Amino acid sequence: MTIVEHWINGETASGSSTRTGPVYNPAKGVVEREVRFASTADVDLAVQAAKAAFPAWSGASWSKRQQVIFAFREILNARKDELGAILTNEHGKVSSDAVGEIGRGLEVVEFATAIPHLAKGEYSENVSTGVDVYSIRQALGVVGIISPFNFPAMVPLWFFPIAIAAGNTVVLKPSEKDPSASLWMAAALKEAGLPDGVFNVVNGDKESVDALLEHPDVASISFVGSTPIAKYIYETASRNGKRVQALGGAKNHMLVLPDADLDLVADSAINAGFGSAGERCMAISVVVVVEPAADELISKIQDRMGGLTVGDGLRGCDMGPLITREHRDKVASYIDIATADGATVVVDGRGVEANGEANGFWLGPTLIDRVATSSKVYTDEIFGPVLSVVRVASYDEGLALINASRYGNGTAIFTNDGGAARRFQNEVQVGMVGVNVPIPVPVGYFSFGGWKDSFFGNAKAYGQAAVDFYTREKVITSRWLDPSHGGINLGFPQN
Ligand code: NAD
């Protein structure tokens, strides 16, 4: 069986570890390849390669680095179907969604091509007589990136284009569930002219993550994944003196006011609840509907669910399988919990007839009404195609519910009342807010990040925040000596 290896110093590398893990094709339910799990020593090899590449890469001109990012952008754009097929094969998401994910990643690559402008410093002449002050931004060194299974291309692309453009060298540890996309991007970066050692990939599990968190030559950690792991990463990497940004899990609510266009709401709930089989950190998982709109809205959502097709992502279906059998069964178990907790299962996805092989990890779209906020169906991040409905009596009750959540990644309000929408954007305690937009993922020139238990750190992903995160500012105060300015003065220069 093929083994997905590491990428160290510009080439495929096996390292010394013999541990491996399975990589499934979720639409078939079979293991199609194995992935190598790096040992601490293997991670060190990658870090040393990145460390050795740092002086030359950080010393290269801004335009040289910009040109490599431009070339990478051209390769990624021209061959996105090839990468998309890898995503569908290992993750299961349907082809259109896979290519869409790469499109969102491309936005960040395009943003990073502007690095000479984005990382410019400031200059003040004559702050005191003959004294100038200016600032420059310099790369950190070796930066670590640890990414989740649900966006095997887009999440690494949130980070490494800006990190590399700014002059850093990278060690990426992708999810062990779908590692091949990272290897494809590593080869594409080499083809784009990136010097060996600037971008490295180590595959693995907790051992490789801990090795990065503890390595003295790793300057920063960018992490995306579930909340418990994000918290662990933030605390461990911070304790080891690293700069950290750790993006965690989510439970996103859509607040529907009775004056909203309920057809638009129903379409949006379907797209945001079931796209990518609900395995998105910005998926809508709870529709909070203000009475009296609930019955009509639920019936519209239910009608649309009848037309959704589930199956192999290569067969033109709307929704693919879940990532593993274990995860599929865990998501399905929430349907039993819902019944036990007194909710109404309106559509049960367990009986879905999938257009794919019998052993695929299938679970159809599921709709559950009257979910109690004390139920685990409401409080847990389910991360699957299960959409809950909570009925409330007023805007205030809906807002209070959203603000009481431990998560604060994304939310949306649906209404035709501009004043209500404006009040919501001000009052809601969530990092990314949509107004009649269900998945408000910021475009590449803003920054991505939630609040509360959805985010640990203070530098969001991509956008200007990422330029700041991946560089250190240095401020220089300079005076070129003029004989007339000699003499002793123990105070601060005044004028
Ligand atoms: P995960 O937390 O299980 O894994 C993420 C990464 O951490 C992987 O690389 C994995 O190998 C590593 N990891 C797992 N367990 C570890 C441990 N005990 N110690 C050290 N490292 C460990 O997440 P996942 O299941 O791959 O991805 C889904 C989660 O990611 C969801 O919670 C989702 O909301 C979240 N997510 C968040 C965002 C965001 O922007 N906030 C984006 C995408 C996904």
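Since the structure is predicted, the reported quantities are computational estimates derived from the model, not experimental observations.

1. Some details on the site of the ligand
Phase 1 of the analysis: In the vicinity of the ligand, 26 residues are found, and the nearest of them are Lys-173, Glu-176, Ser-226, Gly-248 and Glu-381.
Phase 2 of the analysis: Within the backbone of Phe-149, a nitrogen or oxygen atom sits 3.0 Å from an oxygen atom of the ligand.
Phase 3 of the analysis: Taking Glu-176, its side chain carries an N or O atom lying 2.7 Å from an oxygen atom of the ligand.
Phase 4 of the analysis: For the shell around the ligand, the elements supplying multiple residues, two or more each, are α8 (206–214) and β11 (218–224).
Phase 5 of the analysis: Here the shell around the ligand is built from residues that sort into 14 nonpolar, eight polar and four charged.
Phase 6 of the analysis: Each of two domains, domain 1 (3–248 + 454–476) and domain 2 (252–435), supplies a minimum of three residues to the shell around the ligand.

2. Topic: the pattern of salt bridges
Phase 1 of the analysis: Under the criterion given, the structure shown has 32 salt bridges.
Phase 2 of the analysis: Linking Arg-350 and Asp-348 is a salt bridge whose minimum nitrogen-to-oxygen distance equals 2.8 Å.
Phase 3 of the analysis: Because the salt bridges share partners, they merge into one network encompassing Asp-263, Asp-267, Glu-296, Lys-300 and Arg-304.

3. Structural notes on the packing of helix α6 (residues 154–165) against helix α7 (residues 180–191)
Phase 1 of the analysis: For the pair α6 and α7, the least separation of the axes is 12 Å and the interaxial angle reads 25°. As judged from the angle between their axes, α6 and α7 are roughly parallel. The way α6 lies across α7 gives a crossing that is right-handed. On α7, the residues that touch Pro-156, Leu-157, Phe-160 and Ile-164 of α6 are Ser-182, Met-185 and Leu-189.
Phase 2 of the analysis: Among the residues forming the contact of α6 with α7, the class breakdown is six nonpolar, one polar and no charged.

4. Some words on the domain arrangement of the protein chain
Phase 1 of the analysis: Annotation of the protein chain at the domain level lists domain 1 (3–248 + 454–476) and domain 2 (252–435).
Phase 2 of the analysis: Opposite the 21 residues of domain 1 that make contact, domain 2 presents 26 residues.
Phase 3 of the analysis: Summing the contributions of domain 1 and of domain 2, the shared interface buries around 2,000 Å²; its carbon and sulfur component is 60%.
Phase 4 of the analysis: On the domain 1 side of the interface with domain 2, the three residues burying the most area are Ala-27, Val-94 and Ser-454, jointly 25% of the side's total.
Phase 5 of the analysis: The interface formed by domain 1 and domain 2 contains one salt bridge.
Phase 6 of the analysis: In this structure, Asp-97 and Arg-280 form a salt bridge, with 3.0 Å as the shortest nitrogen-oxygen distance.
Phase 7 of the analysis: Run the count over domain 1 and domain 2 and you get seven residue pairs in polar contact (both at pLDDT 80 or more).
Phase 8 of the analysis: If you list the elements that add at least two residues to the side of domain 1 that touches domain 2, you get α3 (80–91) and α4 (95–112).
Phase 9 of the analysis: When residues in the side of domain 1 that touches domain 2 are grouped by element, the largest group, three residues, is from α3.

5. Quick look at the packing of aromatic side chains
Phase 1 of the analysis: Using the criterion set out here, one finds 12 aromatic pairs in the structure.
Phase 2 of the analysis: When the ring of Phe-160 is compared with that of Phe-199, the centres are 4.7 Å apart and the planes differ by 50°; the resulting orientation is tilted. With Phe-160 in helix α6 and Phe-199 in strand β10 (residues 199–201), the pair connects residues that are 39 residues apart, well separated along the chain.
Phase 3 of the analysis: When the ring of Tyr-445 is compared with that of Phe-446, the centres are 6.1 Å apart and the planes differ by 45°; the resulting orientation is tilted.
Phase 4 of the analysis: What makes Phe-446 exposed here is its relative accessible area of 54%.
Phase 5 of the analysis: Taken together, the aromatic side chains of Trp-158, Phe-159, Phe-448 and Tyr-462 make up a single cluster linked through ring pairs.
Phase 6 of the analysis: A cation sits over an aromatic face here: Arg-65 above Trp-62, 4.4 Å from the ring centre.

Thresholds, definitions, all that
- Throughout, a residue's number is its position along its own chain's written sequence, starting from 1.
- Predicted model: local features are reported for residues with pLDDT of at least 70 only, side-chain atom pairs are reported and counted for 80 or more only, and whole-chain, interface and lining totals are derived from all residues.
- By convention in this description, side-chain values take in all heavy atoms of the structure and omit both hydrogens and water.
- Proximity criterion: a residue is near a molecule or strand once any of its heavy atoms comes within 4 Å of it.
- Polar contacts, as counted here, are pairs of nitrogen or oxygen atoms within 3.5 Å of one another; within protein the pair requires one atom able to donate a hydrogen and one able to accept it, and residues that are adjacent in sequence qualify only if both atoms are side-chain atoms.
- We count a stretch as a helix when DSSP gives it H or I for four or more residues in a row; a strand needs E for two or more, and each element gets its number in order from the N terminus.
- Amino acids outside the nonpolar list (Ala, Val, Leu, Ile, Met, Phe, Trp, Tyr, Cys, Pro) and the charged list (Asp, Glu, Lys, Arg) are all regarded as polar, and Gly is one of them.
- How far each domain reaches was decided by an automatic or database domain assignment.
- Within this document, salt bridges are pairs made up of a side-chain nitrogen of Lys or Arg and a carboxyl oxygen of Asp or Glu, the two lying within 4 Å of each other.
- Every angle, taken between N-to-C directions, lies between 0 and 180 degrees, and every axis is a line fitted to C-alpha atoms, over only the stretch in contact when it is a helix.
- Throughout this description, any angle smaller than 35 degrees is read as roughly parallel, any larger than 145 degrees as roughly antiparallel, any in the 65 to 115 degree range as roughly perpendicular, and the remainder as oblique.
- Handedness of a crossing follows from how the near helix is turned relative to the far one, being left-handed for an anticlockwise turn of less than a right angle and right-handed for a clockwise one.
- The contact definition used throughout considers only heavy atoms, calling two residues in contact when any of these lie within 4.5 Å.
- Buried area: the accessible surface (1.4 Å probe) lost by two parts on joining, summed over both.
- Pairing of aromatic rings covers Phe, Tyr and Trp, the last through its six-membered ring, and needs centres within 6.5 Å; plane angles under 30 degrees mean stacked, over 60 mean edge-to-face, and all others mean tilted.
- Under the scheme applied here, a residue whose accessible area is under 20% of the maximum for its type counts as buried, over 50% as exposed, and between as partly exposed, the area being computed with a 1.4 Å probe on protein chains only.
- A ring is considered to have a charge above it if a Lys NZ or an Arg CZ atom is located within 6 Å of its centre and within 35 degrees of its normal.

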